[in-house]
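An overview of the molecular structure
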Amino acid sequence: RGKVALVNGLATVNIDSAAGMTEGTFVALCRDVQCFTSNESDWDAVRGSVVGNILTIECQNQTSSAVISWMVIGERQDQHMYDTG
């Protein structure tokens, strides 16, 4: 989770970098990923999507520089979780 400022209504976040993980860790550990976004600056609608380890946030207002809070969650898919029932 974190916060990011939009530039011209758009922001991208590398989830591995934001969480201090080695590149590829998020994809290796997570499945069934969901993201949640909240515009902390104004009432313009925002939405997020995750592809691989990249979160993309876009705003209805293409000139927005709003600060957006985001949270990404996923179900663990590492072998340890499969082994523990």
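Residues numbered from 1 in each chain as written. Predicted model: local features only at pLDDT ≥ 70, side-chain atom pairs only at ≥ 80, totals over all residues. Heavy atoms only, no water.

1. A closer look at the sheet that holds strand β4 (residues 46-51)
Strands sit in the order β2-β5-β4 across an open sheet of 3 strands; the sheet is antiparallel. Unpaired on one side and paired on the other, β2 (10-14) and β4 mark the two borders of the sheet. Averaged over all pairs of adjacent strands, the angle between strand axes in this sheet comes to 20°, irrespective of strand direction. (Pairing = 2+ DSSP bridges. Helix = DSSP H or I, 4+ residues; strand = E, 2+ residues; numbered from the N terminus. Axes fitted to C-alpha atoms, helices over the stretch in contact; angles between N-to-C directions.)

2. Structural notes on the side chain of serine 64
Structurally, serine 64 is set in the loop between β5 (54-59) and β6 (67-76). Under the relative-accessibility criterion, serine 64 is labelled buried at 3%. Dropping the residues within four chain positions of it, serine 64 is found in contact with Leu6, Val7, Asn8, Gly9, Asp42, Asp44 and Cys59. (Buried < 20%, exposed > 50% of the residue type's maximum accessible area, 1.4 Å probe, protein only. Contact = heavy atoms within 4.5 Å.)

3. Side note on the nonpolar core
Counting residues in each nonpolar core, the largest one holds 15 residues, and the members touching the most others are Val4, Leu6, Leu55, Ile57, Ile68 and Trp70. Taken together, the elements giving at least two residues each to this core come down to β2, β5 and β6. Those residues in contact with isoleucine 57 that sit more than four places away from it in its chain are Val4, Leu6, Gly9, Leu10, Ala11, Thr37, Val46, Arg47, Gly48, Ile68 and Trp70. (Core = buried A, V, L, I, M, F, W, Y, C linked by side-chain atoms within 4.5 Å.)

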